[in-house]
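# Chains, contacts and geometry: an overview
As a plain string of letters, each chain reads:
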Amino acid sequence: AQTVTQSQPEMSVQEAETVTLSCTYDTSESDYYLFWYKQPPSRQMILVIRQEAYKQQNATENRFSVNFQKAAKSFSLKISDSQLGDAAMYFCAYSPNTGNQFYFGTGTSLTVIP
Amino acid sequence: KAGVTQTPRYLIKTRGQQVTLSCSPISGHRSVSWYQQTPGQGLQFLFEYFSETQRNKGNFPGRFSGRQFSNSRSEMNVSTLELGDSALYLCASSLNGRDEKLFFGSGTQLSVL
């Protein structure tokens, strides 16, 4: 069964500093996709970054980057130069290459301290 | 381009009632999926529709059902509501529903009293 685990329910970071959110997943598939979504108080989930499992290179989107370790089934999100607008709940998600069913972790609440 | 629209934003029902939630996907998107979000369980997949057909279903009882219309709009119905059905119900759309990023609506917050 596919499961996604986020072991940090809450994290905090000083503005302009760097923070890393952890995520591990369990799957027997070899081809899949991983995502980080952000959910601000408005409740709307926003895609932060996407990683294709067959790609060795870690995905990067501006201040956001991932450390994808396929063998370890680890997918962490690094936020550099943290901004107040980064404060939100962050969800790690897994999607197999056979459909559109996403498996989400329970989320990490990120606080950015001015 | 308009985003994913969910109506209503808030809903209060009592046990035993039924409820219908609506989702309008982004124009051109043919896949619509539904998720239940609760503080303890996170987001759990309910079902996915593509071209009016249910293509995938999560592990929820038969009281949860859905449908998709020819214009890709989708509705989700919950019959015989239970207290545990209180949750944020999120709808997401994508072009074809295969390994693509999802675009989410702001959800419908359902409270069952």
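Scoring rules and cut-offs
Each chain has its residues counted from 1, following the order in which its sequence is written. In the order they appear in the text, chains get letters beginning with A and ligands get numbers beginning with 1. Restriction of local features to residues with pLDDT of at least 70 applies here, the model being predicted, together with a cutoff of 80 or more for giving and counting side-chain atom pairs; totals for whole chains, interfaces and linings are based on all residues. Where side-chain values are given, they derive from all heavy atoms of the structure, hydrogens and water being excluded. Secondary structure is summarised from DSSP: a helix means a run of H or I of at least four residues, a strand means a run of E of at least two, and numbering begins at the N terminus for each. It is over C-alpha atoms that the radius of gyration is taken, and the globule rule equals 2.2 Å times the number of residues to the power 0.38. We call two residues in contact whenever any of their non-hydrogen atoms come within 4.5 Å of each other. Accessible areas in this description were obtained via Shrake-Rupley with a 1.4 Å probe; residue shielding takes into account the shown protein chains only. Think of it this way: Lys and Arg go in the positive column, Asp and Glu in the negative one, and His and the chain ends go nowhere. To locate a charge, take atom NZ for lysine, CZ for arginine, CG for aspartate or CD for glutamate. Each Phe, Tyr or Trp ring (for Trp, its six-membered ring) is paired with any other whose centre lies within 6.5 Å, and the angle between the two planes then decides the class: stacked below 30 degrees, edge-to-face above 60, tilted in between. Residue burial is assigned from relative accessible area. The probe radius is 1.4 Å, only protein chains are included, and a residue is buried under 20% of its type maximum, exposed over 50%, and partly exposed in between.

For the rest of this paragraph, the subject is the overall build of chain B. For chain B, the helix and strand inventory stands at 0 helices and 11 strands. Along its sequence from the N terminus, chain B presents helices and strands in the succession β-β-β-β-β-β-β-β-β-β-β. A compact globule built from 113 residues would reach a C-alpha radius of gyration of about 13 Å, and chain B, at 13 Å, matches this within 12%. Here the C-alpha coordinates of chain B stretch approximately 35 × 25 × 25 Å along the principal axes. When contacts within chain B are restricted to residue pairs at least 6 apart in sequence, long-range pairs at least 24 apart make up 55% of them. Accessible surface computed for chain B: about 5,200 Å², of which carbon and sulfur atoms make up 48%. Computed over 12 positive and 7 negative side-chain charges, the separation of the two mean positions in chain B equals 4 Å.

Turning our attention to the overall build of chain A. The helix and strand inventory of chain A stands at 0 helices and 12 strands. For chain A, whose C-alpha radius of gyration is 14 Å, the value lies close to the compact-globule estimate of 13 Å for 114 residues. The dimensions of chain A, computed from C-alpha atoms along their principal axes, are 40 × 25 × 20 Å. Of the contacts made within chain A by residues no fewer than 6 positions apart, 53% connect residues no fewer than 24 positions apart. Summing over all exposed atoms, chain A offers an accessible surface of approximately 5,400 Å²; the carbon and sulfur share of this is 46%. Across chain A, 8 positive and 10 negative side-chain charges occur, with their mean positions spaced 4 Å apart.

Once that is clear, we can look at the packing of aromatic side chains. Counted by the stated rule, this structure contains 18 aromatic pairs over all chains. With a centroid separation of 5.4 Å and 80 degrees between ring planes, the pair formed by Tyr 37 of chain A and Phe 104 of chain B is classed as edge-to-face. You can see Tyr 37 of chain A sitting in strand S5 (residues 32-39) and its partner Phe 104 of chain B sitting in strand S10 (residues 103-104), one on each of two chains. Centroid distance Phe 91 of chain A to Phe 104 of chain A: 6.5 Å. Interplanar angle 85 degrees. Geometry classified as edge-to-face. Here Phe 91 of chain A, found in strand S10 (residues 88-96), pairs with Phe 104 of chain A, found in strand S11 (residues 103-104); they are 13 residues apart in sequence, far enough to count as distant.

Mapped onto the elements of the fold, Ser 94 of chain B is located in strand S9 (residues 87-94). Its relative accessible area of 1% is what places Ser 94 of chain B among the buried residues. Not counting residues up to four positions away in its chain, the partners in contact with Ser 94 of chain B are Asn 100 of chain A together with His 29, Arg 30, Ser 31, Glu 100, Lys 101 and Leu 102 of chain B.

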